Structures are given as structure tokens and as C-alpha cells.
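Working through the structure, step by step
Single-letter residue listing:
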Amino acid sequence: MLQQFRRLALFTGIAVSAFLVGCAGPAPNYAPSIDNVETLKKIEGAPAVKTGTIAVTAGMPGAAALTLRANTMTSPVGKNYGDYIAAALRQELELAKLYNPQSGVEISGTLLKNNIDAGGISTNAGQIEARFVVKANGQVRFDKVKRIERKWESSFAGAVAIPLAANNYAPMVQSLIASLVTDPDFVKAIRN
Amino acid sequence: MNRFVGYVVSALACVVLFGCAHPITMNPDLAAVTVPAGAKPIAKKVGYHIPDALRSVEVTTPGGGGDKVRYFPYRDIEPGFYKALSEAFTSVSKVQNPKDFAALQAGGISLLITPEVTTNSSSDGAFTWPPTQFSVKLVCTIVDAGGKPVETIRVSGEGGATFSEFKSNFSLAAVRASNDALSKLVKALVESPALRK
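The paragraphs below set out a description of the structure included in this document. This is a predicted model, so every value here is computed, not measured.

Scoring rules and cut-offs
In this numbering scheme, every chain counts its residues from 1 along its sequence in written order. Labels are handed out in written order, letters beginning with A for the chains and numbers beginning with 1 for the ligands. Reporting in this predicted model follows two pLDDT cut-offs: at least 70 for local features of residues, and 80 or more for side-chain atom pairs to be given and counted; totals over whole chains, interfaces and linings ignore these cut-offs and use all residues. With hydrogens and water excluded, all non-hydrogen atoms of the structure serve as input to the side-chain values. Basic side-chain nitrogens of Lys or Arg form a salt bridge, by our definition, when they fall within 4 Å of a carboxyl oxygen of Asp or Glu. For helices the rule is a DSSP run of H or I covering at least 4 residues; for strands it is a run of E covering at least 2, with both sets numbered from the N terminus onward. Between buried and exposed lies partly exposed: a residue is buried under 20% and exposed over 50% of the maximum accessible area for its type, with that area taken using a 1.4 Å probe on protein chains only. When DSSP finds at least two bridges between two strands, those strands are taken to pair. Axes, fitted as lines to C-alpha atoms, cover a helix only where it is in contact. Angles between the N-to-C directions of the axes lie from 0 to 180 degrees. The criterion used for residue contact is that any of the two residues' heavy atoms lie within 4.5 Å.

**Looking at the pattern of salt bridges**
Opposite charge on two side chains permits pairing when their charged atoms draw close. Under the criterion given, the structure shown has 15 salt bridges over all chains. Put simply, Glu-94 of chain A and Arg-90 of chain A hold a salt bridge, and the shortest N to O gap is 3.7 Å. Taken together, the residues Glu-94 of chain A and Arg-90 of chain A, both in helix H3 (residues 81-95) and 4 residues apart, mark about one turn of the helix. Under the relative-accessibility criterion, Arg-90 of chain A is labelled partly exposed at 31%. A salt bridge links Lys-187 of chain B to Glu-191 of chain B, with the nearest nitrogen and oxygen atoms 3.1 Å apart.

**Focus: the sheet that holds strand S3 (residues 65-68) of chain A**
Residue and element names in this part refer to chain A. Sheet architecture is open: 3 strands sit in the order S1-S4-S3, paired in mixed fashion. Here the strands that pair on one side only, and so sit at the sheet edges, are strand S1 (25-26) and S3. Judged from the 4 bridges that link them, S3 and strand S4 (residues 71-74) form a sheet pairing that is antiparallel. Among the inter-strand pairings, Leu-68 is bridged to a residue of S4, identified as Asn-71.

**Observations regarding the sheet that holds strand S3 (residues 59-62) of chain B**
The 3 strands are arranged S1-S4-S3 (chain B) in an open sheet whose pairing can be described as mixed. Each edge of the sheet is formed by a strand with only one pairing partner; in this case those strands are strand S1 (21-23) and S3 of chain B. The mean inter-strand angle of the sheet, taken between neighbouring strand axes irrespective of direction, is 35°. Relative to strand S4 (residues 68-71) of chain B, S3 of chain B runs antiparallel, the two being bridged by 4 bridges. Residue pairing for S4 of chain B: Pro-62 of chain B is matched across the bridge by Lys-68 of chain B. Contacts from helix H4 (residues 158-167) of chain A reach S1 and S4 of chain B, with the element oriented near 25° to S1 of chain B.

Spelled out as C-alpha cells, the structure:
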């Protein structure tokens, strides 16, 4: 009986280790979406713009660190994921040659939700929700909330599931920015 | 029952310890991809073509401890490739159909660049899976807007990462290899007399 209990404990320990194993660290570098860059380049008559702060909602889970099973993933830039999204947007504007830190047109916002569910053994998902505001010389031209969700196939083994979840964060941000730059009201706001 | 538990424990141990293909990325650091000091960009609008089928190709190469790593070379390197072309030329566009020469000419594209990416990795670590060495080879076939061959550029990038470095970024050797290859690509492009003609 005792031997069986020991084996069960060993089995449980290995299973838990397999599920949780992996290491914490910063999220991977953001990889700009070339589709977003090309979309931005096609906005006729758009002046260069600047990015302001993407603030985070006070007390929001996932603002500074995302929990991936027993591990945490922090933003590799700035203090939180609002800074990550602002830097991501700036990179795409820079590649489109539409970024000018002296511009009177500013894109800012607030991160409302930032979540990755990495606990699933067959699929996992993540959601980001953010309010984006475009101001021209202090006047609000655009104010909308954008929300995306991304799902991916995962694994029981934490050594696979955790890096997979981490590697899906940048594509989530790409989708969020795509939802912004393809919005006709956004295009109109930065064009005016 | 005892034998069954033993099999399950052994199988799980195998899953944990051996044979995993761990996902990493090769996403380069775009700030590291710049034109060499003093070099002037080539005053041409270029297009590049990566087939969608290649973007979705995932490759698996060796990691450490008998494990492997898997990643998407074309998808991961594309933003850095775009940045490299933006540094070397005055304008760059993504091209969907490289055979549509009329559309290329109508769009003002004077050169069409098609990259081929080859990678490899290795590790001297027996107990850690992230690669300690990574290599990226880029071969860029460049034709004019009529499809006539102009130049072929070949560069290779190498990246290394020690345990103390990669423990907070499992992809570090791959990122460094991408950065190295793309920096060399910018240099090779701006120094090519054939591309300035």
C-alpha cells in the first residue's frame, strides 16, 4: 500500500513538473507586422505622427507581468505591457516612415485587458483590449476601444506550452495594431 | 496496476527529459539593423517577395541535451529583412506576385529581391535545451523589373549565447544570428556596384 502511494506521489510529481516546467523572463522582441506597415504606407496624405503613452489600468492583472502556468513573463521594454504596445506601434510607424517625435498628431491610449491563458493542455488563448486615442494639437480626433483574441494549439508539457504562449504574444499585439490601422475612422483621424 | 503506473511514469519522464521540440523565435532586434556609417542608401524603389507557403514553414534544428528547437525562419526574419531593405534603398514594398512584371513597373519598382533563408543550431549544453550557437544564411536573388538577373547576395550570420545569457531569453542565439546576418546584408547591398547602376 505504502509502495503504491509512493509511486502515485512520484507520478503526480513528474506530471506536475511536466505541466509547469519552463523558465520565466521577458517576452520575445516585438516583430512588426509588414501587413500593418504596408497598410500605414498606403494612407494617402498622412502626416508623420508620434506615439504617446499607453497607460495601464490601475490594478489590472497582466499589466506588468503575464502568468504562464507557474512562470511569469515581463515586458522587455519599459515598465509594463502598455510600454510594449506603444513601442510596437512606434516600430511599425518608423518602418512605414510615418513616425516623427515632433509631430502634433499623437496616438496614445490605455491598456484595459492583457491576458494569456497558458494552462490548457490542447489549446490556449490570449486576449488584449486597449483604448486608443488620436489627438491633433490636443484635440481628440479618435477614441475607440479595440479588442483581439488569439488561440493556438498547445501541449501538456510546460517546456513546450510556456514558450508557445510567450511566442504568441507578439502576434497578439500585431492583431491589436491591425485592428487599429485598418479602422477607417483611425485613417481619417490621422489624415485630417 | 503497478506496472501501468510504471509505464506512465516512464513515458512522462521521456516527455519531460527527451525529444521535445521547443518553440523559439528568430525575431531580430530592428535597432541593430542599420546602414553602415557613411554609406548612402541606393536611390531605388525595390520590392521583395516571400511566398506565403514559406512564411508558414516551421523548421526544427538541434538544441541541447538531445532536444530540438523549432521556429518559422521566413516569418520571423521578415520584419528585419524589410528593415534591412529600408536601410539600403530609399523605398521598399512587399510584392505578392513576382511574375507580374507590368505591375512591378507600374508601381515604380526597379529591383525585385527574393530571399532564401537557411538556418542551423547547436548546443554544447547537456542539460539545457536552448541553442548556444545559431547560424543564418541569406541568399538574395535580385532581378530587374523585367525579370533579368542583376545580382546575387550571399551573407551568413552567427549568434552565440551562454547559459547565463539565454536563461532569460531562450531565443537569444537565434536573435543574435539574425541581427548579424541582416547587418551584413545591408552592408553587402549598399556596397554592390551592380545595384547602383
